[in-house]
Amino acid sequence: MNTVSQPKQVARKTQGFALRSSTQAVLLALAALPAFAQQDDSAANKKLERVEVTGSAIKRLADETALPMQVITRADIVKQGLTTASEIVSRISAATNNMTDGGSIGYGGFRDQMGMNAANLRGLGVSSTLVLLNGRRMANFASPGDSSGVDLNTIPAAAIERVEVLLDGASAIYGSDAIGGVINFITRKDYTGIELNASYGNTSEGGASKTTASIGAGLGDADRDGFNIFAVLDLQKTGSLNANQRQFITDLDIPGRLPDLLSSFTFPGNMRLSGSQRDSLIDDKFSTNGKAVIDSRTVNPAAAKGCNPPANLYLPDGIGGIDGCTYDYMRDIELYPKSEKSSFFGRGVLNLGGGHQFFAEAALNRAKTLYAGTPNRITADMDVSKVPSLAGTSLSKLDADAEDRIISVRTRLGEAGLRTSELVSTGQRYVAGVNGTAANWDYELAYNHSLSTVSDRNYQGYLNEQMIRDGFASGKLNAFGPSNAAGLALYDQAQIRGEVRHAKGTMDSVDFKASRAIYALPGGDLALALGGEYRREKQDYHQSEALAKDLILGETSQGPDADFGHSRKVGAVFAEINAPITKELELQAAMRYERYQVSGNASSPKLGLKYVPMKELLLRASAGAGFRAPSLSDLYRPVTEGSSGTVVDPVCMALDPSNTVTDCSEGWTTLNFSNAKLKPEKSRQFSLGAVLEPRAGMTLSLDYWNIEKRDLISSLGVDTILANLDKYGHLVHRDEDSVIDHIDLIKENRGKQKINGVDLGVALSGLKSGFGTWGLHLNGTWTLNSEQQTSNDDPFYSNLGHFVNDGVVQRWRHTASLDWSEGNFGATLTNSYLSGYTDQSIVGKVDRKVKEYSLWDLTGSWAVNSALTMRAGVKNLLDTSPPFSQQAWFFLSGYDPSYTDPRGRFLFLSAQYKFR
């Protein structure tokens, strides 16, 4: 992608070539690898500044490392109109199955870590991707759940100078959770002046508008004045997008293609009959569809009139069946949330003299997001006298205390409004430290205090369950038509608003590192780095009294004992050497010892080699091992109730040959268990790569990577359990009629995961023509194998090009760009591409393919003068809609919200003004 590049590089005469110093040619490169150029005299006269780069604790000439790394610069971020860290991460070809706002809405049925945006390198999981800010950790998203990682909403996007993405495991340097790689967000430093930015964008179909504004200011030169202070304030506001605003939702024909993934909770309500009630009505020749006597247990008199479209439909093949109605929730849900985000980042540096500096950082952020799902639902028990359509039937003539007089009605409470949650997440991070040089050692010592809080608030549509049940029982609420004034007043009185969950995560750490040259080798100085870290992690969770007592309709209570607070201490030491054995061969080696309270300890080694057989070619290799300790949620989270994707129960299919997939499909209730006896995951990885620069301005790179994890911390997927009942049937709990009551999902160490592939980078820069200067850049990832076991003795299954359990790893992903500039004008055409794959396999359905997903963006800029720059762009230029998918993992149906963008064509205009 055109956002991937390398920072400024300085040639090194002793090697005959080095990383290219031309910033413009390399900063826009999509190549995942460094570019190289021949030495020239001007470069030789420049100051050889030694800096620390992601993946090493040893200061060296920039990017003089054996590990593959992508760099996304601020210029690239601004040019493409990327305003959040989540948008930046989505452009990394090695990132797959990230956590997004669309996914958060999709998880809305059980609200697990809703509001979290997170990165997932290599598809190894959010918990195996380490996100840093200026090389240091941040507190993980506070809400307990399966994914332990940094919420990208807490990254101060307007303050970012560049993003370094290390695509090789770095557990030896940074810690246990860097198995998949490291994403290091690096903020501006030593900035002076004032910079104003503003932008506005909207979609061509309406909805999902976006407004941003930021101001950054810096004062002082650290070398000249002895200090520098920099701060930036960033404000963002996005509008919501409802499904009824998008034509592609209609075009997907979800009722016709996925009737089994819809809902039997409708308005007017469906009656769910007992067997004896059904038999009595059949004897009465009772009909609801206007054509035939009922033969099913789900019936709705509105079926004869087509139910209540567009959301409530008569679908004989739907989950409501031939005698009932089916609810198409994709006509009544938001696809993209309304949000307000603000962040502040400040950094100060004070020269203490004698080669020492004091520095401090403060990062504050707040994100308020409204997630709107479908209207609430209830299975209400009503006396037959309250059901007008059953007047005159034999059921209405039963004795007052007869069991069959009670009718269960599945109804949708649209009059109470959409279930809307206000998710407010805040982050604070304070760092203070000193660095400098003492006794020829470059050193740094810092204290880091980070805090994450999440407040989950009921905003609309969540109700006092008992009041609603009493309302239906008394007839004050109408399950089959509009309620009267008294009923509407009851809905208003029953609303339960305010905070229902509160989570707080804190991290306090002290880290140090020091490096120096210790011995002269034929290729340069042998350098040594030593370092360590001590930190304390704490997680607290609290639920409201109403939730603890299970009073809230539409919420799943975790019981009265769900509140918890746990902490642990983590200590680590590491050592690293960089040995230029000859002018052509360089060795990098590191070892980290890490100890987690409760979970034990492990050592993580790392070895890297760089070989330069000729000035146009660099070869490199690395190998290492790592581990990931279980999170506090993995270890201690109380039992939680959730919901699976809509999955077919094979026992139901076998009980009655006349049962269809629709009859036996449901989003089954799950009970999720943590496990205090979990062991850490272990990993091994290696990579082999080459970088070729046949001429100036042309870089070709290729890296093969291979990662294996074992003792995976995971729960079995519901579809895996139901597909292997001989082995996992004990996890499925059924009632007396063999209907699933709930399914146990238990965290355990089980099986292995293997994934390998190739990263490809191409960068052509500075191509001059009579029509300006051009550049062509490509960054792609070709995954060769991705497979996993459900337990140690199970066969491997592949999610490469096949949606399994909770997602898919596409075989090929790339971003490519064509850049043009002429004088004060510039333009970029960008393509983001993900290959097609085999859809989720559903019992009773034919396997199918999901089409590839390709988006084109066009942006342009005009430097009006030295201070003012105007930009405009069109994202999703061709208005490409998400491809159809029958996946049943996400609550949103018809497409996969984890990698697609439902907004469609988006146009934006921005302006930047600088005071120097």
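This write-up is about the structure you can find in this document. Being a predicted model, the structure only gives us computed values, none of them experimental. (Residues numbered from 1 in each chain as written. Predicted model: local features only at pLDDT ≥ 70, side-chain atom pairs only at ≥ 80, totals over all residues. Heavy atoms only, no water.)

**A short note on the sheet that holds strand β7 (residues 160-166)**
Part 1 of the reasoning: A sheet is described by the order of its strands in space; here 4 strands give the open sequence β5-β7-β8-β6, paired in mixed fashion. Either end of the sheet is taken by a strand with one partner, and the two such strands are β5 (69-73) and β6 (129-133). If you compare each strand with its neighbour and ignore which way they point, the axes differ by 15° on average.
Part 2 of the reasoning: In this sheet, β7 lies alongside β5 in antiparallel orientation, the contact comprising 5 bridges. Bridged to M69 within β7 is L166. (Pairing = 2+ DSSP bridges. Helix = DSSP H or I, 4+ residues; strand = E, 2+ residues; numbered from the N terminus. Axes fitted to C-alpha atoms, helices over the stretch in contact; angles between N-to-C directions.)

**Some words on the sheet that holds strand β20 (residues 377-383)**
Part 1 of the reasoning: Across the sheet, which stays open at both edges, the 4 strands sit in the order β14-β13-β21-β20 with antiparallel pairing between neighbours. Edge positions in the sheet fall to β14 (298-299) and β20, since each has one partner strand and no second.
Part 2 of the reasoning: In terms of strand pairing, β20 meets strand β21 (residues 406-412) through 7 bridges, oriented antiparallel. In the strand pairing of β21, D383 is matched with I406.

**Observations concerning the state of the cysteines**
Part 1 of the reasoning: A complete count under the given rule lists 2 disulfides for this structure.
Part 2 of the reasoning: Between C307 and C325 runs a disulfide, and the two sulfur atoms are separated by 2.0 Å. A torsion of -95° about the S-S bond marks the disulfide between C307 and C325 as left-handed. Of this pair, C307 sits in the loop between β14 and β15 (312-313) while C325 sits in the loop between β15 and β16 (326-327), and the two are 18 residues apart along the sequence. For the residue pair C307 and C325, the accessibility class agrees, reading buried in each case.
Part 3 of the reasoning: Sequence-ordered numbering of the bonded cysteines in the protein gives a disulfide pattern of 1-2, 3-4. (Disulfide = S-S within 2.5 Å. Buried < 20%, exposed > 50% of the residue type's maximum accessible area, 1.4 Å probe, protein only.)

**A word on the side chain of S128**
Part 1 of the reasoning: Position of S128 among the secondary structure elements: in the loop between α5 (101-106) and β6.
Part 2 of the reasoning: Excluding residues that lie within four positions of it along the chain, S128 makes contacts with D177, A178, I179, G180, G181, R628, E681 and K709. (Contact = heavy atoms within 4.5 Å.)

**Thoughts on the pairing of strand β19 (residues 356-375)**
Part 1 of the reasoning: Relative to β19, strand β18 (residues 338-353) runs antiparallel, the two sharing 15 bridges. Within β19, the residue paired with L350 across the bridge is F358.
Part 2 of the reasoning: Hairpin geometry of β18 and β19 is characterised by an intervening segment of 2 residues between the two adjacent antiparallel strands and by a positive phi of about 70° at G354.
Part 3 of the reasoning: As paired strands, β19 and strand β22 (residues 418-438) are joined by 18 bridges and run antiparallel to one another. Note that in β22 the partner of K368 across the bridge is V424.

**Overview of helix α10 (residues 465-474)**
Part 1 of the reasoning: What α10 keeps buried is the set I468, G471 and F472. What you see down the axis of α10 is that its buried residues fit within an arc of 95°, all on one side.
Part 2 of the reasoning: Buried residues in α10 make contact with β20, β21, β24 (463-464), α11 (485-494) and β27 (552-553).
Part 3 of the reasoning: At the N-terminal end of α10, a side-chain oxygen is found 3.2 Å from the backbone nitrogen of Q466, two or three residues along, and the residue is N464.
Part 4 of the reasoning: Looking one or two places after α10, you find G475, whose phi comes out positive at around 90°. (Arc of directions from axis to C-beta. Polar contact = N/O pair within 3.5 Å; in protein donor to acceptor, adjacent residues only side chain to side chain.)

**Things to note about the pairing of strand β34 (residues 681-695)**
Part 1 of the reasoning: Where strand β31 (residues 617-628) meets β34, 12 bridges bridge the pair, whose relative direction is antiparallel. By the bridge assignment for β34, L618 is matched with V691.
Part 2 of the reasoning: Both β34 and strand β35 (residues 698-710) contribute to a ladder of 12 bridges, which runs antiparallel. Looking across to β35, one finds that L692 is bridged to L700.

**Considerations on the environment of A696**
Part 1 of the reasoning: Inspection of the secondary structure assignment puts A696 in the loop between β34 and β35.
Part 2 of the reasoning: Residue classification places A696 among the exposed positions, given a relative accessible area of 53%.

**Quick word on the pattern of salt bridges**
Part 1 of the reasoning: As enumerated under the stated definition, the model contains 42 salt bridges in all.
Part 2 of the reasoning: Note that R91 and D857 form a salt bridge whose closest N and O atoms lie 2.9 Å from each other. In this pair, R91 is assigned in the loop between α4 (85-89) and α5 and D857 in strand β47 (residues 853-863), connecting sequence segments 766 residues apart.
Part 3 of the reasoning: Residue class for R91 comes out buried when judged on its relative accessible area of 10%.
Part 4 of the reasoning: The class for D857 is buried, based on a relative accessible area of 9%.
Part 5 of the reasoning: Across the salt bridge formed by E422 and R457, the nearest N and O atoms sit 3.3 Å from each other. Of the two residues, E422 sits in strand β22 while R457 sits in strand β23 (residues 441-460), which places them 35 residues apart along the sequence. (Salt bridge = Lys/Arg side-chain N within 4 Å of Asp/Glu carboxyl O.)

**Observations concerning unusual backbone geometry**
Part 1 of the reasoning: A cis amide bond links F267 to the next residue, P268, at an omega of 0°.
Part 2 of the reasoning: By the element assignment, P268 lies in the loop between α8 (254-257) and β13 (270-272).
Part 3 of the reasoning: P310 follows P309 through a cis peptide bond whose omega is 10°.
Part 4 of the reasoning: By the secondary structure assignment, P310 is in the loop between β14 and β15.

**Concerning a nonpolar patch on the surface**
Part 1 of the reasoning: A cluster of nonpolar side chains, I194, L196, I215, L233, L235, F344, L364, Y430, Y913 and F915, forms an exposed patch at the surface whose accessible area comes to about 780 Å².
Part 2 of the reasoning: At the level of elements, β9 (193-203), β11 (227-238) and β49 (906-915) are the ones that each hand at least two residues to the nonpolar patch.
Part 3 of the reasoning: Topologically, L364 is positioned in strand β19. (Patch = residues over 30% accessible without salt bridge, like charges linked within 9 Å, V, L, I, M, F, W, Y side chains within 5 Å. Areas by Shrake-Rupley, 256 points an atom, 1.4 Å probe, with all protein chains shown as cover.)

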